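Chains, contacts and geometry: an overview
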Amino acid sequence: MMRGFRQARWSYKGGVLEPTVFELANGRPGYYKIHTEEEIRSKAKSALSRIDTRKELNLPGLTESEVSRHFSRLAEMNYGVDSGPYWLGSCTMKYNPKINERLSKDPHVLWIHPYQPEDTVQGALKIIYEIGEMLSKITGLPHFSLQPAAGAHGELTGVLMIKAKIRDLGERRDEVLIPESAHGSNFASAAMAGFKVVRIPPNEEGLVDLDALRAAAGEKTAGMMITNPNTLGLFETDILEITDIVHGAGGYVYYDGANLNAILGRVLLSDMRIDVAHLNLHKTFSAPHGSGGPGAGAVGVVDEFRDYLPVPVVRKRPEGGYYLDYSVKRTIGRVRMFYGNFGVIVKAWAYLKILGGEGLREVSEVAVLNANYVMKRLLEIEGIKLKFGKERPCKHEFVVSLEELKNKYGVSALHVAKRLLDYGVHAPTVYFPPIVKEALMIEPTECESPYDLDNFVEAMRCIVEEARTDKTLVLSAPHETSVDRLNEVSASRRPILSWRMYKEKSDR
Ligand SMILES: *Cc1c(COP(=O)(O)O)cnc(C)c1O
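In this report, the structure presented in the accompanying data block is examined.

How each quantity is defined
Residues numbered from 1 in each chain as written. Predicted model: local features only at pLDDT ≥ 70, side-chain atom pairs only at ≥ 80, totals over all residues. Heavy atoms only, no water. Helix = DSSP H or I, 4+ residues; strand = E, 2+ residues; numbered from the N terminus. Buried < 20%, exposed > 50% of the residue type's maximum accessible area, 1.4 Å probe, protein only. Near = heavy atom within 4 Å. Polar contact = N/O pair within 3.5 Å; in protein donor to acceptor, adjacent residues only side chain to side chain. Areas by Shrake-Rupley, 256 points an atom, 1.4 Å probe, with all protein chains shown as cover. Nonpolar A, V, L, I, M, F, W, Y, C, P; charged D, E, K, R; others polar. Core = buried A, V, L, I, M, F, W, Y, C linked by side-chain atoms within 4.5 Å. Domains from an automatic or database assignment. Contact = heavy atoms within 4.5 Å. Salt bridge = Lys/Arg side-chain N within 4 Å of Asp/Glu carboxyl O. Pairing = 2+ DSSP bridges. Axes fitted to C-alpha atoms, helices over the stretch in contact; angles between N-to-C directions.

1. Examining the environment of Glu133
Mapped onto the fold, Glu133 is located in helix α6 (residues 122-139). Using a relative accessible area of 44% as the deciding quantity, one classes Glu133 as partly exposed. Measuring from C-alpha to C-alpha, the distance between Glu133 and Glu76 comes to 41 Å, with 57 residues separating the pair along the chain.

2. Remarks on the site of the ligand
Lining the immediate environment of the ligand, one finds Ser90, Ala150, Gly151, Ala152, Glu155, His183, Ser185, Asp256, Ala258, Asn280, His282 and Lys283. Residue Ala152 places a main-chain N or O atom 2.8 Å away from an oxygen atom belonging to the ligand. A distance of 2.8 Å is found between an oxygen atom of the ligand and a side-chain nitrogen or oxygen belonging to Lys283. The protein chains hide 86% of the 380 Å² of surface that the ligand would expose on its own. Mapped onto the shell around the ligand, the elements with two or more residues apiece are α7 (151-168) and α11 (281-284). Ranked by residues supplied to the shell around the ligand, first place goes to α7 with three residues. A per-class count over the shell around the ligand returns three nonpolar, six polar and three charged.

3. Here's the deal with the nonpolar core
Ile131, Leu135, Leu281 and Phe285 are the most contacted members of the largest nonpolar core, which totals 85 residues. The dominant element in this core, judged by the number of residues it contributes, is helix α12 (residues 342-378), at 12 residues. Both of domain 2 (99-354) and domain 3 (359-492) provide at least three residues apiece to this core. Not counting chain neighbours up to four residues away, the residues in contact with Ile131 comprise Leu146, Leu281, Ile345, Ala348, Trp349 and Leu352. Core analysis: the second largest hydrophobic core is formed by 32 residues, Leu378, Tyr409, Ala413 and Leu440 among them.

4. Section: the pattern of salt bridges
Tallied over the entire structure, the rule returns 28 salt bridges. Close ionic contact of Arg214 with Asp211 constitutes a salt bridge, the shortest N to O distance being 3.1 Å. Here Arg214 and its partner Asp211 are both found in helix α9 (residues 210-216), three residues apart, which amounts to about one turn of the helix. On the accessibility criterion, Arg214 (41% relative accessible area) is partly exposed. Arg306 is paired through a salt bridge with Asp307; the nearest N and O atoms lie 3.8 Å apart. Bridged by salt links that share partners, the residues Glu101, Lys105 and Lys347 form one connected network.

5. Regarding the sheet that holds strand β15 (residues 439-442)
With antiparallel pairing, the four strands of this open sheet are ordered in space as β12-β13-β15-β14. Where the open sheet ends on each side, the last strands, each with one partner, are β12 (385-386) and β14 (429-430). Strand direction decides the pairing type here: strand β13 (residues 398-401) and β15, joined by four bridges, are antiparallel. Bridge pairing links Ser401 to Ala439 in β15. The sheet contacts of α12 involve β12, β13 and β15, and relative to β13 the element is tilted by about 15°.

In C-alpha cells:
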C-alpha cells in the first residue's frame with residue numbers, strides 16, 4: 001500500500017474546498033472593539049457597566065475556533081520536511097532535528113546583538129570558533145570563515161580570494177576551468193569575480209575528461225572549480241591527477257562542498273589537494289533550507305590563503321577567551337554584515353556535537369546505501385535508464401534519464417515529476433545536470449527509512465504503468481494538489497499574494 005501526504009486545497013477549481021475567510025464567514029460581519037479614553041474613564045467610574053463600542057469593520061465574522069482551523073488547513077497546503085521526504089538531488093534536504101531548532105531559539109542565542117561588547121558574547125564566539133575547528137577536522141583545511149550566507153556566496157568568497165592571491169603574485173591569469181556538470185552557481189561565481197569561464201566536457205563515464213582538462217590548463221588558468229562526488233553522484237576517481245594538472249599549470253583548486261554528505265568521515269579535502277572550499281552548513285549539517293530560507297556557507301582554506309580570509313576572524317586568546325580579529329593582512333574584506341547567519345551556525349554546531357566523528361561516518365554510509373538501493377530498484381522499471389555511471393555504484397545521489405520513456409510514450413521528466421505530487425511524493429530535481437536529457441536527479445539522504453524509499457520506487461512504478469495505459473492522467477497532472485499546474489512565468493512574475501488578488505482572479 002502506498003502512503004502519501006495529501007494536500008488541502010483551495011476552492012479555486014472545485015474539489016475538496018477551503019474557502020477564504022470571507023467566503024467562510026458568508027457575510028457575517030466582523031467587529032473590532034474600540035475603547036476611547038472617555039469610555040475607559042466612565043468604565044472606571046462604574047465597574048459593572050459593560051462597554052459596547054463595537055465598530056463594524058470590513059472583517060469576516062469568524063469565531064476563534066473557525067480561524068484556528070482555517071489556518072491549520074492552510075498549513076496543510078504546504079509541504080515540508082515534517083510532511084515527508086524530499087527527493088531533490090543536489091539539495092541534501094535532510095530531516096532537521098528539533099533539538100537543534102530548540103538550541104538556536106534559546107534566548108541567549110536569539111537576543112544577542114552584533115554590537116554587544118566582545119566580553120558579553122564569549123559563548124557565541126566560542127560556537128563560531130569551535131565549528132571552525134570541527135570543520136577543519138572534517139576537511140583537513142586548517143582555516144575557516146563562517147561569514148558567507150550560503151554555498152554560492154562561499155564560492156564567490158573563495159574565487160575572490162584566489163583572484164587576490166594571483167594579483168599579489170603579479171600574475172595575469174583570468175580563466176577558471178569548470179566541468180560542464182557543475183552547479184550553475186559555479187559559472188556565475190567565477191564570472192562575478194571577473195574570470196572567464198572555460199567549460200570542461202565530461203568523458204563517457206561522466207567524469208572530468210583529463211585530455212580536455214590538460215588542453216585547457218595553461219598560463220591563463222587561475223584555477224578550477226570542482227565538485228566531488230560530481231553532480232551525477234559519481235566520485236572523480238582521477239581527483240589527484242586533476243589537482244596535479246591544475247597546480248602544474250600554476251592554478252588553484254576550488255572545491256564545491258555541496259556534495260560533502262557522500263564522503264563525510266571518509267576522505268579529507270586536503271588529501272585531494274584542495275586549496276579553497278566551501279561547505280553548505282544547511283545541506284550537509286542539516287540546518288533547514290529551501291524557499292529562499294537562510295543558509296550558511298563556510299569557507300575553508302590551506303595556509304597559503306590564511307591571510308586572505310574575510311574579516312573579522314574569530315580567534316582564541318592564549319590565556320583563554322575569544323576575540324574578533326580585524327587585522328588579517330591581505331583580507332578580501334567583508335562579504336557579509338557582522339559574523340554570518342548565526343542561527344544557522346548554531347544548528348550546524350549542535351548537529352556536529354551530537355553526531356561526532358563516528359556519527360558522521362554513519363551519515364555518509366547510510367546516505368550512499370540509500371541512494372544505491374533506490375537507484376538499483378528504479379533501474380528495474382521500464383524506460384528509466386542511466387546515461388553515465390552504468391558500471392559503478394553511485395555516491396549519495398544519482399541521475400536517471402527518462403528519454404526512453406518520453407520517446408516511447410510521450411511522457412517527459414516534467415510530467416512524471418508533476419504526477420508524483422498526486423501520490424503525495426515530493427518530486428526530485430528535474431533537468432539537471434544539463435548533460436543528461438530528461439534528467440531526474442535523486443538524493444534520498446540518510447534520513448529516510450526503507451519504507452519511504454520503497455514508497456518512492458512504488459510511486460515511480462505506478463506512473464510508468466500509467467504512461468503505458470492511461471497517458472492523459474500523467475500528462476495533465478497534478479490533480480490532487482492545492483494548486484494545479486502553474487504557469488511558471490506568471491507564478492513568479494504575477495504571484496497572488498492577498499485575498500483581493502485571489503478574488504480578482506476567481507471573479508474573472
Ligand atoms: C546547492 C549547491 C550549490 C549552491 O549552494 P547554495 O547554498 O544553494 O547557494 C552549489 N553547488 C552545488 C553542487 C549545490 O548542490
